[in-house]
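The residues making up each chain are set out below.
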Amino acid sequence: FSSVSIHFFFLEAMALLWNCVNGTGDGGGGGHYLGGEGNDGKDGGRGGGRPKGLIVADVSFLIGSTIELVLSYFYLFDQYAEVNVEINSFNAAAQSLWLMCALIYTWYTLRWICRRKKEVGSR
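Definitions and limits used
Residues numbered from 1 in each chain as written. Predicted model: local features only at pLDDT ≥ 70, side-chain atom pairs only at ≥ 80, totals over all residues. Heavy atoms only, no water. Helix = DSSP H or I, 4+ residues; strand = E, 2+ residues; numbered from the N terminus. Buried < 20%, exposed > 50% of the residue type's maximum accessible area, 1.4 Å probe, protein only. Contact = heavy atoms within 4.5 Å. Areas by Shrake-Rupley, 256 points an atom, 1.4 Å probe, with all protein chains shown as cover. pLDDT = per-residue confidence, 0-100.

## Brief notes about the overall build of the protein chain
- For the protein chain, the count of helices and strands is three helices and zero strands.
- Helices (α) and strands (β) of the protein chain occur, in sequence order from the N terminus, as α-α-α.
- Across the 123 residues that make up the protein chain, the buried fraction comes to 26%.
- In the protein chain, 56% of the contacts between residues at least 6 apart in sequence involve partners at least 24 apart.
- By element, 67% of the accessible surface of the protein chain is carried by carbon and sulfur atoms, the whole surface being about 8,200 Å².

As structure tokens, this is what we get:
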């Protein structure tokens, strides 16, 4: 069952990559994304680009889901894969990449909430 969810995570990672390559991953319509800085970080938060931290999070999610996708086939076809130290080290690396992605997105979300509260409070 886990290998099915891994395939969905991989599809989500590929969708993020597709949006990034095609330029549709900027939050829609070119407005500033999550209230963050643009790609260059020099425009004072008014840029239309995706913040570098979110790009790092998306890349770590893509790499982690790719590793997990490959490992899911090892777990499916190799009966000793769960006790293999090398395979488990790759699993730990993929889980660490997913954790880094989650922490970055959590930080950007909390930052966005704080900025929205300041904007609403200043009105």
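## A look at the confidence of the model for the protein chain
- On average, residues of the protein chain score 80 in pLDDT, and 79% of them reach the 70 mark or higher.
- At the low end of the mean pLDDT range in the protein chain sits helix α1 (residues 2–22), at 87; at the high end sits helix α3 (residues 85–121), at 92.
- Of the regions scoring below 50 in pLDDT, residues 28–46 engages in 40 contacts with residues more than four places distant in sequence or in other chains.

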